[in-house]
Structures are given as C-alpha cells and as structure tokens.
Amino acid sequence: MTEHESQQGCLDPVAEHLADPAQRLDIARLGVWLFLSTEVLFFGVLFLGFTLYRRSYPDEFVAASNHLNLWLGGFNTLVLLTSSLFVALAVLGADRGDRRGSTRYLAATLALGLVFLAIKAFEWHQEYQEHLVPGLNFALPGTDAGWAAHEQLFFCLYFIMTGVHAFHMIAGSGVLAWLILRGWRGHGPLSQTESIRIESTALYWHFVDIVWIFLLPLLYLTGFN
Amino acid sequence: MNESYLTDGGSGFRSWLLTRDHKRIAILYLISISVFFMFGGAAASMMRAELATPKADLVTSEVYNRLFTLHGVIMVWFFLIPSIVTVLGNFLLPLMIGAKDLAFPRLNLASWYIFVLGGLLALYAILLGGVDTGWTFYTPYSSTYSNSYVILMAVGIFIAGFSSIFTGLNFIVTTHKMRAPGLYWFRLPLFVWALYSTSVILVLATPVLAITLALVALERLMGVGVFDPKLGGDPLLFQHLFWFYSHPAVYIMILPGFGVISEIIPCFARKPIFGYHFIAFASIAIAVLGFVVWGHHMFVSSQSLYAGVVFSFLSFMVAVPSAIKVFNWTATLYKGRIELATPMLYALGFIGLFTIGGLTGLFLATLAVDVHLHDTYFVIAHFHYIMVGGMVMAYIGGMHFWWPKITGRMYPEIWGQLSALIIFTGFNLTFFPQFILGYMGMPRRYHAYPEQFQFLNVLSSAGASILGIGYLLPICYLSWSLIKGKRAPRNPWNATGLEWTLADSPPTVHNFDEIPVVDCEPYRYDLPEMASAKGDIT
Amino acid sequence: MKSSLLLWIYLVLVILLGCTIGMALLPLGVVIKPLAGLLVAGVKGGLIVLFFMQLRYHHGTLRLFAAAGAFCLFLLFLLIATDYLTRLWS
C-alpha cells in the first residue's frame, strides 16, 4: 500500500464513518500536511548536519562545492519548478473533474520528474568518475589528509541528501505513474476519491520540490568565487 | 446476546488480519506487544540472575552487553512506546469521541503490519546474535567498531518508527475532525487529551530518530559517514539527534499513562476530576517542553557547559506540568468516596511511584549531582520508577479498567487486587535498592561489581522474581476470564464517558447505532445517580 | 483559483532561480552568499506553499499542521546551537 493511498480516508462506499464529502476532503488534507511536517523533520536533520559541518570546515566545504556542476543543478531546479507548475495545473483540472486534462498534466509532471532523475544520475556518474564518492572511491590527490577528510564529509552529506531526495522523487514518480494509469483507464468525470488522490500526490510533489530548492544553494552555491 | 465486534464480521484469520475495525486492530497490537514484553522480560530475568552474584559467573561480558541492549530495545520500542497508545488508544479513541472509527482505518491496519515487520527484523537481529551497543547506539562504537547486527536492528527500529508516525497522524486527524456534535475540546475525556499530546510527539519526534538511525546504518555500510571522527565528524552530533527523539519518547510512554490515571481516579473516588483544564493544558505543555530538554542526557558527554545549564533549567521546567497533574489527582482523591477496586490500586500505586521517579529526575537534572550519578544505577532506578512503576502500572490498571468493555467479561476481583499488591511489592523491592546502589557508585551496564554491593543486588534480584510472578498472574486470570469470567454489563463501574454510557460491552462493530450528541461536561460523578460504582466488585 | 495565477507565480519562481544562479557567480563573500541564497530559497518555497499548495486559501488548523514541523525543527536548531556555539567558551 503506498503512503499516499493509505492517507485517503474512507474511499469505498462500505465504510460509513466518513459520509460527508467536505469532511473527507478536509481529513485527507490534514493527513497529508501532517505527514509533510514529519518529512520536514526527516530532511531537516540532514540540513542541520550540513550547517554544523559547514560552520566547522568552511574552506573545505567551499572547495568541495566547487566540484559540483552549478549549471546542471540550476537546470534541474528549473525542471522541478516546471513540474510543480504542471502538477498544480493537474490539481486545478481535477477540481473541475476534468479527467483528460489533469491526467495529461500529471504525465507532463512525471516526464519532468524522470528528466530530473536522469540528470541527477548523470551528475552522480560524473562525480564517481572524478573519484568523489565516499566509501567507494573517494580520493583527492594533491591535498593533505585532514583537508581531504573534511571535503569527504561534504560529499557524504551531498550524496546522502541528494540520495534521500532522489528516493522521494522515485516514490513520487511511482505514485504519479499509478495515478496516470488509473486516470487514463477510467471514464467520465473524476470522482472525489480520485481528485483527493491527485491533490495529495501534488502536495507531496511540491514538498519534494521545495526540499530541492533549499538543497540548491546549500550544496551548489556554497562554492564559487 | 448481541453480535459484537468480536464475532460480527467473521472470526477466521482473514477477517482479523484484514480488518479495518480499530477495536480488532487494538487486539492485534495487544497480542504483539505482549509477545515482545515476554522477550524483554526474559532478558531482564537473565540480567538480574547474573547480578545476584558479584562475579561474572552466569554470562560473559559480551553476552551481558547483548542482553541489556535487547532488554532496552525491545522494551522501549516494541512495548512501552506502543502499549497504551496502540492498545487502549486504538480501542477507545473513537468510542470516547463518539465516532465509528478512526480517520484512516486502512492506515491503522498498515501501522500494525509495519510494526510487526519492524519487530520481526529486530527479533531476527537478536536471533542472529544481537547487538551490544546498548539501546542508545552511541557512535562511533555503533557506527564503526561494534561487531554485531547493528544495521539489521536499526532497520527494524526504523520501520517500526513509521508505525508510530502513522498512528499519531491518525489520532490527531481523528480528534480534530471526528468528534461527535457537542463534544467541544474541553468536554473531551482527559485520556483523549493525553493521546493527542502523545500523538504530537509521535509525529514530530520519530522522523528524527528514523533519519539518525539511517545515518548510522549507512555509516556502517559504507565505512564512512557523518559521525566519524576520522573525517572530522562529531560523535556528539549523534547523541544530540538520538536524544532529541528519545527524550520526547519517554513522554510518549508516560503521557498516555497519565491519561489512564485521569480516567480511573475520578471513577473510583466518585468525584469529578479536580482541575480539568490544568490537566489538559499540562498534557500539551509536557509535549512541547519535552522537546527542549534532551541535553540532560549529555551533561558529561563533553557538550558545552553553557548548553548544559540551559538544558538543566528547562528540565526543571518540564517537571512542573507533571507535578500539577499529581496535585490534581491528589486533590481529586481528597474527600472522595474511595473504592479500592483493582484499577484504583494500580492508579494509587502509580501516583506514589511516579512521584518518586519524577523527583529523582530532578536530582539527575541538577548538573553537579548528575556528574556523580550519571551512568549509575541511580539513573536506572529513576527511569524504571517512571516506566515500570508508572507506565506499566497505568497500562495494567487501564487494561483492568476497560477489560469489561473490551472483552465483555469481568475478571475475578480478588485476584486483581492480589496481583496489584504483589506487583507493587515486587517492584519496590527490585528498584529501590538500585537508587542506593547508584548513589554508592555502582555503574550501569556492568555485570560484575564489588562485593559490598551484593546485598542490595540480591534484594533487587529477589524483587524481580516477585515482580515476575506479579506479571504472570494477570496474564493467567485475564485469559481465564475470557472463557469463564462473568459477562460484563454495559457500565460495570458506573463510569462517565461515551464508551461506558452508550457502547455495549463489548461494542458492536460500528460502536454506536447513531452518532451521539453530547450536551454535558465530563466526569459528572457529582450527580446523585453516580454516587457509587455499582457493579461486580466482590 | 485561476491557472493564470499559477503561471504568473511560476514566472516569478523562474526569475528568482535566475537570481540564485546569478548570485552564485557574484563575489559576495563567504557569509553573505549562502545566506542570500537561502533567503531567496525561502521566498521560492513560500510562494510554492502559499499558491501551488494553496495554503493561502486554507483554514487555520491546516496552517498549524503545516507549520508544526518547521517549528519543531527550529527548536532543534536553536538548542543544538547552544552547544556548538558555546563549546569553546570555557
């Protein structure tokens, strides 16, 4: 059972404990926002770790950040912002019960999400080739051991933070794919249940986008002078 | 005999394992946590057996390390944190607010499955040989040097954490959106306030534990990580993050206990609760303040002294709302018509033992004193007074109080009272000597100790045997009552609350035929018809 | 809520992204640059929360739920800071 489906509350006609559509919508929204609050803390710990070590080793972190590709990071941000636009438009469509329109926007969102992941994979591959992956092949020739160790700390955080973010993107993409399939196979206007699912997924997607928006300056813009 | 949730809707395995009924899910949790309690208790028995003699003659230090880790991990995450919330909370929350189920019934079932999965992974880790880091998993030992199944255990706890989060989320949304008409916030039973406060902590604190354990597991797996001093990482960061969760976690454990006591005391003192609003606000205050005191676990860890001062001050503050509750319960007892039924015995025991536990917490919150007491048996005694003398007694008392409602049967009262006394005696004999041992300097997590500590350790181990018997008795007679117990009336204690006045014992599948409309204040034990707890107290 | 509003917000977000990249290339100093970057990120995040996630149009309880995580995180940062900022004082 995906995390999103399980937050939908009463979805079949049998469970009568939520008979009122307005209550059902409200309950779903509260559930999703509360879940997003937990995710704020989940990611927040990583941001905390980064902040503390950035403060301890400023020069090494600046140097390490310089290895990252700002343009790819920036472009990826554009990709995600656009995907957020599309998913928001999908929600507007779902509100009107427009099955085809919202499904198309969801497809556009998914496509951009996959573009993001592809670019991220490419970046990671590049970093692997440059020997920047801690635990696998990290090596900084020409620097002293202490400096290299602190740069490695940056890259630990970089891979963990972008990795956890990517995991959330993959999960979100999976749910989008499922929604698109169901949207495409169904007939007539969207039911409230389907509309709630789309809105919940959209909220999750926006959140993952916001996390990336904060990751960008932290990871990519620390360097560059 | 009407159909109840126990029979209506099927009685095969499938109907139970695929249920969405919050009451059946509560029973599923009851079975699971009871199993875990046995494992945790078995580990404790072996530890106390070893500690009866000063020499290390029963187990090696390696095995002892794994035993106390097992005891801590299982008891904390697979018994204490779930217990009242998932058993009594799941069962009673919809009933108490006049709802037919929780907001997200399927999520509720998913929570149980996730809990069981996490638990099975933890048990598997134990079966393979266990973990020797202590339940606190301090780095860099856990992340680099330990030679045990840390990753597997961490994954098990990580997964179980999501069960906590989803349950808390479910409860919060339910309480906001599904109260019966007329049931304003300040008409809710205090147990609901307690569950709500607990749920806030469950939802906000657990994610921090999850990511922290994930970081430890990752560091072990990859050989490098963010807590590694060789990279310039700070092992203390782990402690901060761990305790940021684990201190609020102890409030997750005790707040529901407070809620149970707030229900039992007015009923068996036949008086409205004193200071309803104070108790309600105190619950919220504990939930909030509980987040800002975690550094008191780290006074001697090389944390900054100034941070220590801040955390010490805040720890004194968090004692205040707990004390307010104790005063209010006592004031409720004053001039009440006290009936010493089994649940009341547990509740009275709770008040005394929790007070001792709470006051000794202040000793530990005092910086200079903590330097002497940290990592000694004083700490162990302190938290066992709260967790076992407090929480477990509240849990058992609550199970007795609501047993007629949950099962439709009465337990034999005389056995209930006897067991309560045995548990109280066994508990104090086990843990009071440990305060003295700690003060005298016996360190925790050691299985060998100087000769002069033996007498107190023997007392403690003897007490543990009595406590064990005390725990076994309810398991026996409560199980017996399922088959042979007298059938319970709807309201055997003549208690207030929708679960007693409107729902059957046991309730039907949908709890209520119609959603009730509430038009009176809670705890109206002052009304003439509420003068006594009529019912089968023999 | 109209789709045209969403498009305008999107435009502002893209412009802000441009600012972020632009600031990265300017010599702003080791302290100002990350702080400014985070500030702009905050504005972007705020716009997404208020408009894309429609929090602007929702009631108080929902906003409380949305803020709860951030507030709790703030407490974490604040109190950990009391340790890390003062460790070398004595």
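Residues numbered from 1 in each chain as written. Chains lettered and ligands numbered in written order. Predicted model: local features only at pLDDT ≥ 70, side-chain atom pairs only at ≥ 80, totals over all residues.

1. Things to note about the overall build of chain C
Per the secondary structure count, chain C includes three helices and zero strands. Shown N-terminal to C-terminal, the secondary structure of chain C runs as helices and strands in the order α-α-α. For 90 residues, the compact-globule estimate of 2.2 N^0.38 gives 12 Å, and the C-alpha radius of gyration of chain C, at 17 Å, exceeds that figure by more than 25%. Overall size of chain C, expressed as C-alpha extent along the three principal axes, is 60 × 40 × 10 Å. (Helix = DSSP H or I, 4+ residues; strand = E, 2+ residues; numbered from the N terminus. Rg over C-alpha atoms; globule rule 2.2 N^0.38 Å.)

2. Considerations on the overall build of chain A
A tally of regular secondary structure across chain A gives six helices and zero strands. Taken from the N to the C terminus, the helices and strands of chain A come in the order α-α-α-α-α-α. When the backbone C-alpha atoms are referred to their principal axes, chain A occupies close to 65 × 30 × 30 Å. The burial tally for chain A puts 54% of its 225 residues in the buried class. Restricting the contact set of chain A to residue pairs at least 6 apart, pairs at least 24 apart contribute 78%. (Buried ≥ 20, exposed ≤ 12 C-beta atoms within 10 Å, placed from the backbone. Contact = placed C-beta atoms within 7 Å.)

3. Some points on the environment of Phe137 of chain B
All names here are of chain B. Locating Phe137 in the fold gives a position in the loop between helix H5 (105-128) and helix H6 (141-145). Exposure remark for Phe137: the 26 C-beta atoms within 10 Å place this residue in the buried category. For the pair formed by Phe137 and Ala154, sequence separation is 17 residues and the distance between their alpha carbons is 9.0 Å. Ignoring sequence-local partners within four residues, the contact set of Phe137 consists of Ser142, Val216 and Phe242.

4. Focus: the domain arrangement of chain C
Assigned domains of chain C: these are domain 1 (1-57) and domain 2 (59-90). On a C-alpha basis, the centroid separation for the pair domain 1 of chain C and domain 2 of chain C is 23 Å. (Domains from an automatic or database assignment.)

5. Quick word on helix H11 (residues 305-333) of chain B
The end-to-end C-alpha separation of H11 of chain B is 43 Å, in line with the 42 Å expected for 29 residues at 1.5 Å each. For H11 of chain B, the complete set of buried residues consists of Ala307, Gly308, Phe311, Ser312, Ser315, Val318, Pro321, Ser322, Lys325, Asn328, Trp329 and Thr332 of chain B. Contacts made by the buried residues of H11 of chain B are with helix H9 (235-269), helix H10 (276-289), helix H12 (342-365) and helix H13 (367-373) of chain B together with helix H3 (60-84) of chain C. Immediately downstream of H11 of chain B, the backbone of Lys335 of chain B shows phi near 65°, a positive value. (Expected span 1.5 Å × (residues − 1).)

6. Remarks on the interface of chain C and chain A
Taken together, the contact between chain C and chain A spans 36 residues of the former and 35 residues of the latter. Within the residue set of the side of chain C that touches chain A, elements represented by two or more residues are helix H1 (3-25), helix H2 (32-52) and H3 of chain C. Ranked by residue count, the leading element in the side of chain C that touches chain A is H3 of chain C, at 13 residues.

7. Quick notes on the interface of chain C and chain B
Listed as interface residues are 14 residues of chain C and, on the opposing side, 13 residues of chain B. Within the side of chain C that touches chain B, the residues separate by chemical class into seven nonpolar, five polar and two charged. (Nonpolar A, V, L, I, M, F, W, Y, C, P; charged D, E, K, R; others polar.)

8. Points about unusual backbone geometry
Residues and elements named next belong to chain B. With omega at -5°, the peptide bond leading from Thr139 into Pro140 counts as cis. Mapped onto the elements, Pro140 comes out in the loop between H5 and H6. The omega torsion across Ser505 and Pro506 is -10°, close enough to zero to call that bond cis. When you line up the elements, Pro506 lands in the segment after helix H17 (498-501). Its identity is not glycine, yet Tyr523 carries a phi of approximately 60°, on the positive side.

9. Quick word on the nonpolar core
By size, the foremost hydrophobic cluster in this structure holds 283 residues, and its most contacted members are Ala90 and Leu157 of chain A. Formed jointly, this core draws a minimum of three residues from each of two domains, domain 1 (1-57) and domain 2 (59-90) of chain C. Each residue touching Leu157 of chain A, except ones within four places of it in the same chain, is listed here: Leu46, Gly49, Phe50 and Tyr53 of chain A together with Val226 of chain B. (Core = buried A, V, L, I, M, F, W, Y, C linked by C-beta atoms within 7 Å.)

10. Points about the environment of Pro404 of chain B
Residues and elements named next belong to chain B. Tracing the chain through its elements places Pro404 in helix H14 (residues 377-407). Sequence spacing of Pro404 and Ser481 is 77 residues, and the spatial spacing of their C-alpha atoms is 9.9 Å. Excluding residues that lie within four positions of it along the chain, Pro404 makes contacts with Arg409, Met410, Ala488, Pro492 and Ser505.

11. Remarks on the confidence of the model for chain C
Residue and element names in this part refer to chain C. Here chain C shows a mean pLDDT of 91. Residues at 70 or above account for 99%. Mean pLDDT per element in chain C: H2 is the minimum at 92, and H3 is the maximum at 94. Here the predicted complex scores 0.95 on pTM and 0.94 on ipTM. (pLDDT = per-residue confidence, 0-100.)

12. Regarding the confidence of the model for chain A
All names here are of chain A. The predicted model of chain A averages 90 in pLDDT, with 90% of residues at 70 or higher. Confidence scores differ between elements of chain A, with helix H2 (residues 58-65) showing the lowest mean pLDDT of 92 and helix H4 (residues 99-129) the highest of 97. A low-confidence stretch, residues 1-15 (pLDDT under 50), is modelled with 36 contacts involving residues beyond four sequence positions or located in other chains.

13. Topic: the packing of helix H2 (residues 22-51) of chain B against helix H4 (residues 83-97) of chain B
What describes two packed helices is the angle between their axes and the distance between those same axes. Residue and element names in this part refer to chain B. Packing of H2 against H4 leaves a shortest axis separation of 8 Å and a crossing angle of 165°. Relative to H4, H2 is oriented roughly antiparallel. When the axes of H2 and H4 are compared, the crossing they make is left-handed. On H4, the residues that touch His22, Lys23, Ile25, Ala26, Tyr29, Leu30 and Ile33 of H2 are Ser83, Thr86, Val87, Asn90, Phe91 and Pro94. (Axes fitted to C-alpha atoms, helices over the stretch in contact; angles between N-to-C directions. Parallel < 35°, antiparallel > 145°, perpendicular 65-115°, else oblique. Left-handed = near helix turned anticlockwise from the far one by under 90°.)

14. Quick notes on the packing of H11 of chain B against H12 of chain B
Residues and elements named next belong to chain B. At a closest axis distance of 10 Å, the pairing of H11 and H12 adopts a crossing angle of 165°. What the angle tells us is that H11 and H12 run roughly antiparallel. In terms of crossing hand, the pair formed by H11 and H12 is left-handed. Judged by residue contacts, Ser312, Ser315, Phe316, Ala319, Ser322, Val326, Trp329 and Thr330 of H11 engage Ile351, Thr355, Gly358, Gly361, Leu362 and Ala365 from H12. When grouped by side-chain class, the residues that make up the contact of H11 with H12 number seven nonpolar, seven polar and no charged.

15. Focus: helix H16 (residues 454-484) of chain B
All names here are of chain B. Along its 31 residues, H16 runs 45 Å from first to last C-alpha, staying within 8% of the 45 Å computed at 1.5 Å per residue. Among all positions of H16, only Asn457, Ser460, Ser461, Gly463, Ala464, Leu467, Gly470, Pro474, Leu478 and Ser481 are buried. Elements that come into contact with the buried residues of H16 comprise H2, H14 and helix H15 (413-440).

16. Things to note about the environment of Met253 of chain B
All names here are of chain B. Topologically, Met253 is positioned in helix H9. Given 28 C-beta atoms within 10 Å, Met253 falls into the buried group. Each C-alpha atom of the pair Met253 and Ala531 lies 33 Å from the other, and the pair is 278 residues apart in sequence. Not counting residues within four places of it along the chain, the set of residues in contact with Met253 comprises Leu80, Ile81, Met387 and Met391.

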